[in-house]
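Summary of the model geometry
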Amino acid sequence: MPRTLHLIKHGQPTLVPGVPAHEWFLAPDALVRLPDLLARLDPRPGLVVCSEEPKAKATAQALAAALGVPCRPMLSLHEHLRYGQEVTSPDEFQARFRRFFAEPGQVVVGEENADDANRRFASAIGAVLKVNPQPTLAVVAHGTVISLLAARANELDAFTLWDRLKCLDVLTLDADTLRLREPS
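The present account deals with the structure reproduced in this document. All figures in this text were calculated on a predicted structure; none of them were measured in a lab. (Residues numbered from 1 in each chain as written. Predicted model: local features only at pLDDT ≥ 70, side-chain atom pairs only at ≥ 80, totals over all residues. Heavy atoms only, no water.)

Turning to unusual backbone geometry, a few remarks are in order. For the bond running from aspartate 42 to proline 43, omega is 0°, close enough to zero to count as cis. Looking at the element boundaries, proline 43 is found in the loop between helix 1 (34-40) and strand 2 (47-50). For leucine 168, which is not glycine, the phi torsion reads 60° and is therefore positive. Among the structural elements, leucine 168 can be located in the loop between helix 6 (158-164) and strand 5 (170-174). Its relative accessible area of 4% is what places leucine 168 among the buried residues. (Helix = DSSP H or I, 4+ residues; strand = E, 2+ residues; numbered from the N terminus. Buried < 20%, exposed > 50% of the residue type's maximum accessible area, 1.4 Å probe, protein only.)

This brings us to the pattern of salt bridges. Side-chain pairs of opposite charge can arise where the charged atoms are in close proximity. Tallied over the full model, the rule gives nine salt bridges. The salt bridge partner of lysine 55 is glutamate 53, with a shortest N-O separation of 3.0 Å. A relative accessible area of 7% places glutamate 53 in the buried class. Between aspartate 115 and arginine 152 there is a salt bridge, with its nearest N and O atoms 2.8 Å apart. One end of the pair, aspartate 115, is in helix 4 (residues 114-131); the other, arginine 152, is in helix 5 (residues 143-154), and 37 residues separate them in sequence. Residue aspartate 115 is classed as partly exposed on the basis of its relative accessible area of 22%. Accessibility expressed as a relative area gives 39% for arginine 152, which makes it partly exposed. (Salt bridge = Lys/Arg side-chain N within 4 Å of Asp/Glu carboxyl O.)

Counted residue by residue, strand 4 (residues 136-141) has six buried out of six residues, so it is predominantly covered. Residues Thr136, Ala138 and Val140 point to one face of strand 4 and Leu137, Val139 and Ala141 to the other, with burial holding for every one of them. As paired strands, strand 1 (residues 4-9) and strand 4 are joined by six bridges and run parallel to one another. Paired with histidine 6 across the two strands is alanine 138, which belongs to strand 4. (Pairing = 2+ DSSP bridges.)

So, in structure tokens, the structure goes:
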């Protein structure tokens, strides 16, 4: 039977000006749609793995508790590096990321380009799959790196995928090929 990988974007964080995004915590109501996410996880994961960023870790811990499965944080599943990025208007944010995805070999947002972020995240996902034999795994991570990996594996436009991927959203993939699976 083919293995399944659910890539899940963390819940909505509280945006704090002057604080790097990787230090943000979940907003107070960030997990109210967790039951909707649970309903979309088919098949159910036997393990939840997550980025060590607070917003992803808190999302993963709540998800794992709801599923009754273990939760394991792992290095290298973090968002693309952008320590100094300030909070901007939604239009400016969109413009920056349109360019980030359009120029993957250039550092245009933060300190890591799209190609490097994708290589790091893809390698971490490979390690997750290698050391965890469960037939279905969930990985709670971040929209940019999830979009880079899924778009490249499925020949999709990464910006469009990123723009559509909302907080507490999931992409379900065949774990061996990283091809998107249609919801059942």
